[in-house]
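# A look at the structure
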Amino acid sequence: MAGAMVAAPAQARDQIQVVGSSTVFPFTTAVAERFGQQTDFGTPVVESTGTGGGMRLFCAGVGADTPDFTNASRGMKASELEDCTANGVTPVEMRVGFDGIVIANSVDGPTLDLTRAQLFLALAKQIPGDDGELMDNPNVSWADIDPGLPTADIEVLGPPPTSGTRDAFLELVMEPGCEEAGFEGDTCEAIFEELREDGAYVDAGENDNLIVQRLQANPDAVGIFGYSFLAENGDVVKGARVDGVDPTFDNIASGEYPVSRSLYVYVKAEHVGVIPGMEEFIAEYTSEAAWGDEGYLAERGLIPLPADARSEAAAEVQSLTPFTAM
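Our subject in this report is the structure included herewith. (Residues numbered from 1 in each chain as written. Predicted model: local features only at pLDDT ≥ 70, side-chain atom pairs only at ≥ 80, totals over all residues. Heavy atoms only, no water.)

## A closer look at a negative patch on the surface
- A grouping of Glu-179, Glu-184, Asp-186, Glu-189, Glu-193 and Glu-194 is seen on the molecular surface, where their side chains present a negatively charged patch.
- Relative to the helices and strands, Asp-186 is located in helix H7 (residues 185–191).
- Judged by its relative accessible area of 70%, Asp-186 is exposed. (Patch = residues over 30% accessible without salt bridge, like charges linked within 9 Å, V, L, I, M, F, W, Y side chains within 5 Å. Areas by Shrake-Rupley, 256 points an atom, 1.4 Å probe, with all protein chains shown as cover. Salt bridge = Lys/Arg side-chain N within 4 Å of Asp/Glu carboxyl O. Lys, Arg positive; Asp, Glu negative; His and termini not counted. Charge placed at Lys NZ, Arg CZ, Asp CG, Glu CD. Helix = DSSP H or I, 4+ residues; strand = E, 2+ residues; numbered from the N terminus. Buried < 20%, exposed > 50% of the residue type's maximum accessible area, 1.4 Å probe, protein only.)

And the structure:
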């Protein structure tokens, strides 16, 4: 792997630091634990800050007081790449697998079969009225949207604005859901990013395990989080069908499940060869034992990339190919 020059202060630290997405957190944590057990390097410190928060920390500059990697449940934005570049940071993208965003509730609650249009009508801050003018969302219960849905009040626990899961949910559910509900594209562009602030949508923070616990306590509530948390907690929560498709491993891997996305880890090229163990940590993450079809990350709920895509992703990160925004 190619080395990189970095300012001397980075040499003051001998333990890898990772920040970023709560969705990718359990996967990177698993790699970090295995890495710490099987090498002479210290176990990397992995912190869940949300994708947006992780990008800000990662792109803030080079040196021992900045992280070496950031987890992301969406791709790096052009504006974030600009921040990185302005601060002397060269990010290298490592696509690590697929994930589905699930709409889940307690196993003691009703079995949900939702469309993206229904989710839009439940969660949008404003929706067009009969006259086409925007109005505050009047839907109180799920049955207000469709009489075939539960009569329970709408209470959805989901990610905060700093979360990549929220970004992906807006892109994959709210925007197409608005159009599927029959509204004009220009109108949808103006409203799909604004979620309700009247209690129907609850910003539950970056701790997805906390959402699972709150669903257990309230069978009428619904949560939004990554598939891995459904896989790990299938005894207490269940996933809703979305547009008629169940959120299963196979449906996410095939792309049939409509709320699927790629997951990423970004590497700070300037720290490679300076912070001890970064090359070896990348090698562990991209090993078949970790992210392969039968790897330990699949056991944690990561949907692996196809074999050829894994090979391509490994080659790019191991050669420190700089990331360029689409």
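## Observations regarding empty space enclosed by the protein
- A complete count under the given rule lists 2 cavities of 30 Å³ or more for this structure.
- In this model, the largest cavity occupies a volume close to 50 Å³.
- Around the largest cavity sit Asn-105, Pro-110, Leu-112, Trp-142, Pro-150, Ala-152, Pro-219, Asp-220, Ala-221 and Val-222, which together line it.
- Its residues assigned to classes, the lining of the largest cavity comprises 8 nonpolar, 1 polar and 1 charged.
- The calculated volume of the second largest cavity comes to roughly 40 Å³.
- Lining the second largest cavity are Ser-22, Thr-23, Pro-159, Pro-160, Ser-163, Thr-165, Gly-205, Glu-206, Asp-208, Ile-224 and Phe-225.
- Among the residues making up the lining of the second largest cavity, the classes are represented as 4 nonpolar, 5 polar and 2 charged. (1 Å grid on protein atoms, 1.4 Å probe; cavity = no way out; pocket = protein on both sides within 12 Å on 5 of 7 lines; lining within 4 Å. Points joined across faces, edges and corners; volume = space filled by probe spheres on them. Nonpolar A, V, L, I, M, F, W, Y, C, P; charged D, E, K, R; others polar.)

## Observations regarding the layout of surface pockets
- Of the pockets and cavities examined, the largest pocket occupies roughly 280 Å³.
- Around the largest pocket, the lining comprises 16 residues; the ones closest to its centre are Arg-74, Gly-75, Asp-167, Ala-168 and Glu-171.
- Listed by contribution, the elements that provide at least two residues to the lining of the largest pocket are helix H6 (164–180) and strand S13 (260–268).
- Here the element with the most residues in the lining of the largest pocket is H6; it accounts for 6 residues.
- Grouping the amino acids of the lining of the largest pocket by side-chain chemistry returns 5 nonpolar, 4 polar and 7 charged.

## Observations concerning the side chain of Arg-13
- Mapping Arg-13 onto the fold places it in the segment before strand S1 (17–20).
- Classification of Arg-13 as buried rests on a relative accessible area of 9%.
- A distance of 2.8 Å separates a polar side-chain atom of Arg-13 from the backbone oxygen of Gln-15.
- For Arg-13, the side chain forms a polar contact with the main-chain oxygen of Ala-64, separated by 2.9 Å.
- Setting aside chain neighbours within four positions, we find Arg-13 in contact with Gly-63, Ala-64, Thr-66, Asp-68, His-271, Ile-275 and Pro-276. (Polar contact = N/O pair within 3.5 Å; in protein donor to acceptor, adjacent residues only side chain to side chain. Contact = heavy atoms within 4.5 Å.)

## Section: the environment of Leu-57
- Position of Leu-57 among the secondary structure elements: in helix H2 (residues 51–58).
- Distance from Leu-57 to Pro-67, taken between C-alpha atoms, is 6.9 Å for residues 10 residues apart in sequence.

## Remarks on the state of the cysteines
- Tallying each qualifying case throughout the model produces 2 disulfides.
- A sulfur-sulfur distance of 2.0 Å marks the disulfide that ties Cys-59 to Cys-84. One quick way to see it: the torsion about the S-S bond of Cys-59 and Cys-84 is about -70°, and its sign makes the bridge left-handed. Of this pair, Cys-59 sits in the loop between H2 and strand S3 (69–72) while Cys-84 sits in helix H3 (residues 78–86); the two residues are 25 residues apart in sequence, bridging distant segments of the chain. (Disulfide = S-S within 2.5 Å.)

## A look at the pairing of S3
- Side chains Phe-69 and Asn-71 project from S3 onto one buried face, and the interleaved Thr-70 and Ala-72 project onto a second face that is buried too.
- In this structure, S1 lies alongside S3, joined through 3 bridges in parallel fashion. Residue pairing for S3: Val-19 is matched across the bridge by Thr-70.
- Where S3 meets S13, 4 bridges bridge the pair, whose relative direction is antiparallel. The partner of Asn-71 across the bridge, within S13, is Val-265. (Pairing = 2+ DSSP bridges.)

## Considerations on the pattern of salt bridges
- One pass over the full model with this rule turns up 13 salt bridges.
- Note that Glu-80 is salt-bridged to Arg-74, the shortest N-O span being 2.8 Å. Taken as a pair, Glu-80 and Arg-74 share a single burial class, namely buried.
- Here Arg-196 makes a salt bridge to Asp-198, at a shortest N to O gap of 2.9 Å.
- The class for Arg-196 is buried, based on a relative accessible area of 7%.

## Remarks on the packing of aromatic side chains
- Evaluation of the coordinates by the stated rule reveals 8 aromatic pairs.
- Note on Phe-35 and Phe-41: the rings are 5.6 Å apart at their centroids and 5° apart in plane angle, and the pair reads as stacked.
- The class of Phe-35 is buried, set by a relative accessible area of 1%.
- Residue classification places Phe-41 among the partly exposed positions, given a relative accessible area of 28%.
- Ring geometry for Phe-281 versus Tyr-285: centroids 6.0 Å apart, planes at 85°, classification edge-to-face. Of this pair, Phe-281 and Tyr-285 both sit in helix H11 (residues 278–285), 4 residues apart, roughly one helical turn.
- According to the relative accessible area criterion, Phe-281 is buried, its value standing at 1%.
- Through pairs of rings, three or more aromatic residues link up here, namely Phe-35, Phe-41, Phe-69, Phe-281 and Tyr-285.
- Above the face of the Tyr-296 ring, Arg-34 is positioned so that its terminal group lies 4.0 Å from the ring centre. (Phe/Tyr/Trp six-rings, centres within 6.5 Å; stacked < 30°, edge-to-face > 60°. Lys NZ or Arg CZ within 6 Å of the ring centre and 35° of its normal.)

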